Structure formats: structure tokens, C-alpha cells
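These are the residues of each chain, in order.
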Amino acid sequence: MGWGRSTVTGTGGTGTASGGAGTASGGGAAETVGAGGESRAGLAYGIAAYAIWGLVPLYWPLLKPASAGEILAHRMVWSFAFVGLALLALRRWGWMKELLAHPRKLGLLTIAATVITVNWGLYIWSVNNGHVVEASLGYFINPLVTIALGVLVLKERLRPAQWAAVGIGFAAVLVLAAGYGRPPWISLVLAVSFAVYGLVKKQVNIGGLESLAAETAVLFLPALGYLVLLGSRSELAFGTEGAGHMALLASTGIVTAIPLVCFGAAAIRLPLSTLGLLQYLAPTFQFLLGVAYFHEAMPPERWAGFSLVWLALTLLTWDALRTARRSRAAVTRAAASAAERLAEEAATATAPVTATAPVTAPTPATTTAPAREPRG
């Protein structure tokens, strides 16, 4: 992408206008360096977001002996508190009035909150019960499931490479099902729930922090009620394992919100093609943690299934980058063509008109026919 690489052309083009040229080139260099700085910052934010999401399997086991359900409830409650304070500090409350005025959006956010509850709860349970690798598979195949939803729900048309990637992904699921001796339900539920969540969020179209605030607001009372219920049954781990454990449970709000903020900062600074590549960092980190740190089994058939998934993702990424490159080239050609037409029209409009004397057609000479002699 040329981060920080200032490409200035024509700085010494005309010696007679060195002052003007220097000013122009300096401004262009400043703008280029500024754009490069934004790209570097966006890349840093993006890597931070996906790295946190990828390394979070190290965090959930620290919350034991709290159950997955209790951890999920804490995540909802403390996320709402943290995001609410952040929005209060930023004075970003205008979206609430608009959201309340559109019941359909509010209903969609309720659906999104329900779906992400399933996703978060299953993911926490998977990590704390020795299924990190299978959970990582869910996020690897999520782009393929998203494409399938686009076809089934939005009636999108796929390119041949996308069809091939989806087919390879389906074959990978069959291979993994044979290896596990059952369908990889954890992976499939995580992938489908997150794809549905993304589809619903696309219809709502509000900011990340605002969306998280609305979703956790919907779930705040049920989550708080669940914690109260656990406390009444003496099954609540919060407060029974010391101050450090309490702080870790309360920090679920920060662990949830910070990568989301980083992702939002990256999204406005990076092209979608770059974000699309960065998204594979999270499941890659999760997979490596599952194999190298948690020492989960990887028999040959599981390696074969994952290899097919990676092949499908490679094909999908290649197709996306090729399409993006062609689109940029088409836009560049259209812009250049429009600029040429404008230049030609401007040149025609400003071209000097040469005044010429009117050309007068010559007057034809009048001829008199000779008189004829009368015939007798």
C-alpha cells in the first residue's frame, strides 16, 4: 500500500516556476505522508482488534470456576456498563432517539442480541471445555457461510471462484464430520450465528459502540436477573474467589469493547480488502493456541479438513483481491476518460475565434442576347 512512501512527481519540471513547484510538491508530500500515517494507524488498530479476539482463549479459563453461563452474563452486564460510560464521555446519545423512533431497527437489534448471545456463550463454553480448535474452525468457515447466506437470503449472484470456494468448504465439513465421528456442531453453530448476526447488523447500520450498547441494553436485565438467580442458589462464583477473580470477571466488559473500538478505528482507515485479510488473524491465533498451548488432538483427517478450509479461503481471498483490483482499474479508467472529456470541452469553449471578412459571392454578369432579325 506504500505506507508513508511519498511519491512526488514533477518537482523539478520547470526551473522558472521553482517556487510554485516547491509549494505544490510540499503540499502533495504532506498529504501523502498523512495518508500513509492513517494507513499505518489503521493497520495497527486492525491487528490489535483481531489479535485480541484471537488471543482471548487465554482469558476465559482465568474466569473459572465461574460457569460459561455466569461468564456470559457478566460479559453482558459489564459490557453495558463500560460502553455506557464511554458513550457518556463522548456525548454520543443522538442515535438513541432515532433508534427508538424506528421499531423495526429496535426489533432487528433484539434479534442480533439474541444471536450474539448464542455465539458468545457457545464460544466461552468451547474454550473452557477443550474445544478451541473446533471453535477456531467456526470463524475460519464464517466467510463461506456468509456468502451462502448472501445467496439464500439476499439473492446475490456468485462468481465461479466463489462457488468453488463454497463447494470446497462443504467438502471440508464432510471430511471433518468423518474425522470427528459427528458433524462439527460447535464450528457450524458459531459460523452460522455470527453470519446471521452480521446479516442483521447490515440491515440496522449503526456504529459499533452504539450497536454494542443497544444489544447489551436489551440483554442487561435478563443477564442481571440470571446472576441474581445464581446468587440465590449459592452458585455464583463472583465474590467467592477473591478480589482478583472479581476484577477479572468485571473486566469482561473491557475485553469485549476494546477490540470493537479498535476495529471501528481500522475500518475507517483501511480498504475492505485489507480488513478481509486481517480477519483471518483471529482464527489463526485461536487454532495455534488450541494446538500448541492447549495441546488439543489433530489427527490426520482433521488436518485434511482444515487444509480444505484453508484452500477455500485462499481461493476466496484471491477472487476478492482480483475483483477489487479490476474495480479500481475500471474506476480509474472512467475518471481519466471523464477528465479528458472535460479538458476537451474546456479547450473548445476557450479556443479563440478568428475573425474573417465575409466572403461575398461574385455577382454574375448580365448578358444581353443579340437581337434577331425578323423573318419575313
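These figures come from a predicted structure and were not determined experimentally.

J.: Looking at this model, I keep getting lost on the overall build of the protein. Mind explaining?
T.: Helix and strand content of the protein: 14 helices and 0 strands. The proportion of buried residues among the 376 residues of the protein is 35%. Put simply, 85% of the contacts in the protein that link residues at least 6 apart link residues at least 24 apart. On the protein, roughly 21,300 Å² of surface is accessible, and the fraction owed to carbon and sulfur atoms is 67%.

J.: How do you make sense of the environment of S126 when you look at a structure like this?
T.: Inspection of the secondary structure puts S126 in helix 4 (residues 103-128). We classify S126 as buried; its relative accessible area is 0%. Separated by 58 residues in the primary sequence, S126 and A68 place their C-alpha atoms 9.0 Å from one another. Contacts of S126, omitting those with residues within four sequence positions, involve H131, V132, A135 and I186.

J.: Looking at this structure, I do not really get helix 13 (residues 281-293). What am I missing?
T.: Note: α-helices contain 3.6 residues per turn, so residues at a spacing of three or four share the same orientation. The end-to-end C-alpha distance of helix 13 is 17 Å, a good match for the 18 Å that 13 residues give at a rise of 1.5 Å each. Of all the positions in helix 13, only A282, P283, Q286, F287, L289 and G290 are classed as buried. End-on view of helix 13: buried residues confined to an arc of 160°, all on one side of the axis. Residues of helix 13 that are exposed and point more than 90 degrees away from the buried face comprise A292 and Y293.

J.: Looking at this structure, I do not really get the pattern of salt bridges. What am I missing?
T.: Where charged atoms from two side chains of opposite charge approach closely, those side chains can pair. Within this structure, the stated rule accounts for 4 salt bridges. E215 serves as the salt-bridge partner of K201, at 3.7 Å between the closest nitrogen and oxygen. Of this pair, K201 sits in helix 8 (residues 185-204) while E215 sits in helix 9 (residues 208-232), placing them 14 residues apart in sequence. Since its relative accessible area comes to 22%, K201 is described here as partly exposed. Overall, E215 belongs to the buried group, its relative accessible area being 1%. As a salt-bridge pair, R322 and D319 come within 3.1 Å of each other at their nearest N and O atoms. Pair noted here: R322 and D319 are both in helix 14 (residues 300-350), with a separation of 3 residues, about one helical turn.

J.: Just checking my understanding: could you explain the side chain of N119 for this structure?
T.: Looking at where N119 falls in the secondary structure, it is placed in helix 4. Ignoring anything within four residues of it in the chain, the contact list for N119 reads Y139, L190, S193 and F194.

J.: How should I be thinking about the packing of helix 2 (residues 68-90) against helix 9 in this particular structure?
T.: Each packed pair of helices is defined by two parameters, the angle between the axes and the distance between the axes. Orientation of helix 2 relative to helix 9, taken along the N-to-C sense of each, is 140°, at an axis distance of 7 Å. One finds that helix 2 runs oblique with respect to helix 9. Judged by the twist between their axes, the crossing of helix 2 over helix 9 is left-handed. A class-by-class count of the residues in the contact of helix 2 with helix 9 yields 18 nonpolar, 4 polar and 2 charged.

Calculation rules
- Residues numbered from 1 in each chain as written.
- Predicted model: local features only at pLDDT ≥ 70, side-chain atom pairs only at ≥ 80, totals over all residues.
- Heavy atoms only, no water.
- Helix = DSSP H or I, 4+ residues; strand = E, 2+ residues; numbered from the N terminus.
- Buried < 20%, exposed > 50% of the residue type's maximum accessible area, 1.4 Å probe, protein only.
- Contact = heavy atoms within 4.5 Å.
- Areas by Shrake-Rupley, 256 points an atom, 1.4 Å probe, with all protein chains shown as cover.
- Expected span 1.5 Å × (residues − 1).
- Arc of directions from axis to C-beta.
- Salt bridge = Lys/Arg side-chain N within 4 Å of Asp/Glu carboxyl O.
- Axes fitted to C-alpha atoms, helices over the stretch in contact; angles between N-to-C directions.
- Parallel < 35°, antiparallel > 145°, perpendicular 65-115°, else oblique.
- Left-handed = near helix turned anticlockwise from the far one by under 90°.
- Nonpolar A, V, L, I, M, F, W, Y, C, P; charged D, E, K, R; others polar.

This is a description of form; function is not addressed.
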